[in-house]
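Here is how the chains run, residue by residue.
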Amino acid sequence: MKRVDEHLADILGAIRELPPLELALPESYGGVLAEPVTAPVDLPPFDNSAMDGYAVLASDVASAAETSPVTLSVVGDIAAGDQGAYGIGPGLCARIMTGAPLPGGADAIVPVEWTDGGTAKVTIRRSATPGHYIRRAGEDVTAGQTVLPAGTRLGPAQIGMLAAVGRARVLVRPRPRVAVLSTGSELIEPGRPVGPGQIWDSNSFALTAAVTEAGGVGFRQGTVGDDPREVLATIEEQLAYADLIITSGGVSMGARDVVKEVLSGLGTMRFEKVAMRPGKPQGFGLLDDHVPVFTLPGNPVSAYVSFQVFVRPALRALQGLPPAPPRTVRARLTAPIISPDGLRHYLRAAVAYGEGEPRVTPAEGQGSHQVFALASSNALIVVPEDVTERAAGDLVDVLELS
Ligand code: AMP
Ligand code: MG
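Summary of the structure given here. None of the values given here were measured: they were computed from a predicted structure.

Lining the immediate surroundings of ligand 1 are 16 residues, of which Glu 186, Asp 201, Ser 202, Gly 250 and Gly 298 lie closest. Between a nitrogen atom of ligand 1 and a main-chain N or O atom of Ser 202, the distance comes to 3.0 Å. Between ligand 1 and Gly 250, the relevant distance is 2.9 Å, taken from an oxygen atom to a main-chain nitrogen or oxygen of the residue. Protein contact buries 76% of the 490 Å² of open area that ligand 1 shows by itself. Here ligand 1 occupies the largest pocket. Secondary structure elements with two or more residues in the shell around ligand 1: strand E13 (177–183) and strand E15 (199–200).

Right under this line is the structure:
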């Protein structure tokens, strides 16, 4: 049997980064920058006020106090967006709003709360030192500075950064488009009645959501029965647009393992047994020379664990990100576990954080069909191939699910 690490290495070795695309900012969320972005100007671009108040000479208000207020003449009103070339001198001030350009001569802002709010004359009851509540040009970013390096995944704050330096479009490796298909003649769409021998399809829903969570764009293709022509035709349709395809079901040793049957010999597809539990039967390869296709086992827990272990790193690699698995922590077992020799075992579990080390409790019901245990878990305990038991109190590796 093939080791998990070997299978993952083969997958990552086959995957090529998606070509970069120039996208408008609203479409760029989740993309990974394929260029470094520099600031064309300083941020802030000009000295401006951090408060609503009065622009003053600090020397004019140096003696201001509750018991000895200072009164200045107000020579103007400066709003955010004003371009007027205001200036003040000794004994004068200008009313100013947050974000408005600092008038010439002024070197401090007195917030409106320290004054009587006057419009012709203003009485100031506290002193301010030079620079008080002034946001200086370039104190955030200087012109020419790299604000986001290539390889940055764009979230809300990074998209805000791009807009703040005036970018309307940006070169990114986009979120991978992923087609998700369930196979099995027993599968029925949720919402419809199930008859004898039938079950509701859950894999395509869980896997499409897992794609979204991993930073891709999932397209659920629903279910197809175990009909070779239909399965092949549906997979081929997805090749027109998908950056990656995931199927579930039909890859084990049964008489009607239709996915294996129709894809064997196509592209670089290989169907193998990987030394893991759950998730032993795995298929992977490229179709049309470049589209990675993952044929995951049908049992819902197997499909989901396989996604986390193999597909998630592949999605990251498509965007040129380091193909890290989900975050792993060390936690103390609250109960003993046993594990098959030679297989890497992923046990559904609940990890809890309190004072000291995290503690992890294996779920009841470790069958690969037991979706309740999976849905009640927030982690997988990862037991190495050569470990067959662990006692309560032992430290184990835990892979965090969101
Ligand atoms: P298979 O890999 O096709 O042999 O399926 C293994 C087990 O997983 C069978 O019990 C299937 O009924 C079940 N299964 C397959 N696909 C799904 C699915 N999309 N949703 C829920 N259960 C599934
Ligand atoms: Mg099946």
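One open sheet accounts for three strands, arranged E1-E12-E2; its pairing is antiparallel. Both edges of this open sheet fall to strand E1 (21–24) and strand E2 (32–33), since each of them pairs with a single strand only. Bridge count between E2 and strand E12 (residues 169–173): two bridges; the pairing is antiparallel. The residue of E12 that forms the bridge with Val 32 is Arg 173.

Moving on: the packing of helix H4 (residues 203–213) against helix H7 (residues 300–318). Interhelical geometry of H4 versus H7 gives an angle of 15 degrees and a closest axis separation of 10 Å. For the element pair H4 / H7, the angle class is roughly parallel. Every pair of crossing elements has a handedness; the one defined by H4 and H7 is right-handed. Side by side, H4 and H7 meet where Asn 203, Leu 207, Ala 210, Val 211 and Glu 213 of the first sit next to Pro 300, Ala 303, Tyr 304, Phe 307 and Gln 308 of the second.

Reading guide: rules and limits
- Residues numbered from 1 in each chain as written.
- Chains lettered and ligands numbered in written order.
- Predicted model: local features only at pLDDT ≥ 70, side-chain atom pairs only at ≥ 80, totals over all residues.
- Heavy atoms only, no water.
- Near = heavy atom within 4 Å.
- Polar contact = N/O pair within 3.5 Å; in protein donor to acceptor, adjacent residues only side chain to side chain.
- Areas by Shrake-Rupley, 256 points an atom, 1.4 Å probe, with all protein chains shown as cover.
- 1 Å grid on protein atoms, 1.4 Å probe; cavity = no way out; pocket = protein on both sides within 12 Å on 5 of 7 lines; lining within 4 Å.
- Sits in = over half its atoms within 2 Å of the grid points.
- Helix = DSSP H or I, 4+ residues; strand = E, 2+ residues; numbered from the N terminus.
- Pairing = 2+ DSSP bridges.
- Axes fitted to C-alpha atoms, helices over the stretch in contact; angles between N-to-C directions.
- Parallel < 35°, antiparallel > 145°, perpendicular 65-115°, else oblique.
- Left-handed = near helix turned anticlockwise from the far one by under 90°.
- Contact = heavy atoms within 4.5 Å.

By themselves, these are just geometric observations and shouldn't be taken as functional.
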